[in-house]
Amino acid sequence: MASSLRLAPSALRSVTARPAVQSAAYNSLRCYSTAKAKSLKETFADKLPGEIEKVKKLRKEHGHKVLGEVTLDQAYGGARGVKCLVWEGSVLDPQEGIRFRGKTIPEIQKLLPKAPGGEEPLPEGLFWLLLTGEIPTEQQVRDLSADWAARSDIPKFIEELIDRCPSDLHPMAQFSLAVTALEHESAFAKAYAKGINKKDYWNYTFEDSMDVIAKLPTIAARIYRNVFKDGKVAPVQKDKDYAFNLANQLGYGGNGDFVELMRLYLTIHSDHEGGNVSAHTTHLVGSALSSPMLSLAAGLNGLAGPLHGLANQEVLRWLTKMKQTIGNDLSDKAITDYLWSTLKSGQVVPGYGHAVLRKTDPRYVSQREFALRKLPDDPMFKLVSQVYKIAPGVLTEHVKTKNPWPNVDAHSGVLLQYYGLTESSYYTVLFGVSRAFGVLPQLIIDRALGAPIERPKSFSTEAYAKLVGAQL
Ligand SMILES: CC(=O)SCCNC(=O)CCNC(=O)[C@H](O)C(C)(C)COP(=O)(O)OP(=O)(O)OC[C@H]1O[C@@H](n2cnc3c(N)ncnc32)[C@H](O)[C@@H]1OP(=O)(O)O
Ligand SMILES: O=C([O-])CC(=O)C(=O)O
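Sequence order as written defines the numbering, with residues in each chain counted from 1. Written order decides the labels, with chains lettered from A and ligands numbered from 1. This being a predicted model, a pLDDT of at least 70 is required before a residue's local features are given, and a value of 80 or more before pairs of side-chain atoms are given or counted; all residues contribute to the totals for chains, interfaces and linings. Values shown for side chains rest on all heavy atoms present in the structure; no hydrogens or waters enter the calculation.

A. Main features of the overall build of the protein chain. In this text, helices come from DSSP runs of H or I with a minimum length of four residues, and strands from runs of E with a minimum of two, each type numbered from the N-terminal end. The helix and strand tally for the protein chain stands at 22 helices and two strands. Here the globule rule reads 2.2 Å times residues to the power 0.38, and the radius of gyration is calculated from C-alpha atoms. Against the 2.2 N^0.38 benchmark of 23 Å for 472 residues, the protein chain shows a C-alpha radius of gyration of 23 Å, consistent with a compact globule. Projected onto its principal axes, the C-alpha positions of the protein chain cover 70 × 65 × 45 Å. Accessibility here uses a 1.4 Å probe with only protein chains present; expressed as a share of the type maximum, an area under 20% marks a residue as buried, one over 50% as exposed, and anything in between as partly exposed. Out of the 472 residues in the protein chain, the part that is buried amounts to 53%. Of the roughly 21100 Å² of accessible surface on the protein chain, a fraction of 56% belongs to carbon and sulfur atoms. To measure how exposed things are, a 1.4 Å probe is used in the Shrake-Rupley method; for residues, cover is taken only from the protein chains shown.

Listed below in structure tokens is the structure:
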């Protein structure tokens, strides 16, 4: 691995050449500052040789050390706790929650650049942080907004593909279809077909990742406007930030609080280390050198499952049904009874529990704080707060659940519905836009570090029995 990790001179040279798509709009936005800031690609390329050396040294000196043992229960139990993935952007502590490159959510809320007059961090800054480990300057973030806006056009055939989807095809299926179809634009796939040196993989992965992220708001908004509104999508405003454009294309750009919510939402839903279904899938599919488009689409298909990202849709539906059942009676007893009726019918309480977390998710906390500031009197927020008071006790009494506390999905829907985005079947698409900000930086890093094809070992039950000395 060691020698294959060195960066080809061609890859280093090409980082300074901006892709043609950045052109006019990009240059017009340079008015934010006259001095040229180092671009994201240059920053990453500068750091790369050091990162490669770091991993090389670590593996050379400690590669033989044992990280832990794997029990038979872990093999049957969804590989919970097995240490076998590398993920640079974030690490999840069961008690404390997520840290992005070592920084907590309150810290990144403080440190990352904001939009003029805004309070929430810009997701552009988070993407920069996840890829490079550095906090970008305001100008670097503005340049990134401009770069993405300049790359945002989607091919006509993808517009038509989305338009031809039946309106009762789930928005996540439409989203995944459109992202898969972006394969047509993949610089990585085209270069690979021609034949490229493996040391150049990251360069094409970077360009594809930037293109995909840039196009997601237009794709996501087209799905929303087709399924739920008049089918018309506003053009991307090239001088505005990413979250503003997403909000505006959805049809909510006139509400500054919703735009701020999108900035927070896209930032906090991005990354949750490498083992969750969407991150792991994107990484796994990418390890076969499938393009970033195909890898992300695979991850989105995983995010669309109800135990993962679709839980945000399930939470709002569950809360709405609860409201229909208990009406205005938000007493402890009414909520307790409803929770037990869900559990006794063999269903999960959506938005509660987690495979790793053992405390309230800090992403839940940051959304709750937003709600306390912006919508303290909203009836659905009051219901969410009351469930937060009661559910952990009920789930503890139920015994089964290892974590009785709420996760990110327990709070996101209530914020969206407050601003009029009530179509819960759409919610996971927004999660998917954000998740691209977490999984694509790692895909670039994977290719830059020469990560191999992923292939863990499996056994049949008979073979495991033999391995542990059991008679079946
Ligand atoms: C962005 C995200 O993906 S965050 C997670 C979103 N998903 C949800 O909110 C759905 C509800 N929660 C769950 O289903 C689970 O807590 C998961 C999928 C998140 C984690 O699953 P696990 O790591 O297997 O949880 P855990 O070890 O606590 O599960 C033990 C048992 O408790 C049950 N359990 C866990 N959470 C809940 C819950 N919220 N309601 C009822 N039962 C639960 C499990 O189904 C399992 O039951 P089983 O033994 O009959 O199979
Ligand atoms: O970490 C997990 O398993 C699920 C989760 O919260 C996420 O992916 O955001």
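B. Seen up close, a nonpolar patch on the surface. Taken together, the side chains of Leu72, Tyr76, Phe459, Leu467 and Val468 make up a nonpolar region of the molecular surface, amounting to roughly 490 Å² of accessible area. Counting residues per element, the ones that place at least two in the nonpolar patch are α4 (72-76) and α22 (461-468). With respect to the element layout, valine 468 can be found in helix α22. The patch calculation keeps residues exceeding 30% relative accessible area without a salt bridge and links them within 9 Å when they carry like charges or within 5 Å when they are nonpolar (Val, Leu, Ile, Met, Phe, Trp, Tyr). By definition here, a salt bridge exists when the distance from a side-chain nitrogen of Lys or Arg to a carboxyl oxygen of Asp or Glu is within 4 Å.

C. Structural detail: the packing of aromatic side chains. Aromatic rings from Phe, Tyr and Trp, taking only the six-membered ring of Trp, are treated as a pair when their centres fall within 6.5 Å; an angle between ring planes under 30 degrees marks them as stacked, one over 60 as edge-to-face, and anything in between as tilted. Within this structure, the stated rule accounts for 20 aromatic pairs. Each ring, one from tyrosine 76 and one from tyrosine 464, has its centre 6.0 Å from the other, and the planes form 55 degrees; the classification is tilted. Separated by 388 residues along the polypeptide, tyrosine 76 in helix α4 and tyrosine 464 in helix α22 bring together distant segments of the chain. Taken together, the ring pairs in this structure connect Tyr224, Phe228, Tyr252, Phe258, Tyr418, Tyr419 and Tyr426 into an aromatic cluster. Over the ring of phenylalanine 370 we find lysine 374, and its NZ or CZ is 5.9 Å from the ring centre. One cation-aromatic arrangement involves lysine 457 over phenylalanine 459; the distance from NZ or CZ to the ring centre is 4.5 Å. Note on criteria: charge over ring means Lys NZ or Arg CZ within 6 Å of the ring centre, with the direction from the centre no more than 35 degrees off the ring normal.

D. Up close: the site of ligand 1. By convention in this text, a residue qualifies as near a molecule or strand provided that one of its non-hydrogen atoms is within 4 Å of it. Around ligand 1 lies a shell of 21 residues, among which His308, Gly351, Tyr352, Lys400 and Lys402 are the nearest. Any N or O atom pair separated by 3.5 Å or less is treated as a polar contact, with the protein-specific requirement of one donor-capable and one acceptor-capable atom, and with residues adjacent in sequence counted only for side-chain atom pairs. For ligand 1, an oxygen atom lies 2.7 Å from a polar atom in the backbone of lysine 402. Within the complex, 76% of the 910 Å² of free accessible area of ligand 1 lies under protein. Tallied by class, residues from the shell around ligand 1 come to 11 nonpolar, six polar and four charged. Basically, the charged four are Asp, Glu, Lys and Arg, the nonpolar ten are Ala, Val, Leu, Ile, Met, Phe, Trp, Tyr, Cys and Pro, and anything else, Gly included, counts as polar.

E. Up close: the side chain of aspartate 211. Within the element layout of this structure, aspartate 211 appears in helix α11 (residues 201-228). Looking at aspartate 211, its side chain comes within polar contact range of the side chain of arginine 151, at 2.9 Å.

F. Fine view of the site of ligand 2. Near ligand 2, the surroundings consist of His272, Asn276, His308, His354, Arg363 and Arg435. Side-chain polar atom of asparagine 276 to an oxygen atom of ligand 2: 3.4 Å apart, as the coordinates give it. At a separation of 2.8 Å, an oxygen atom of ligand 2 approaches a polar side-chain atom of histidine 354. A per-class count over the shell around ligand 2 returns no nonpolar, four polar and two charged.

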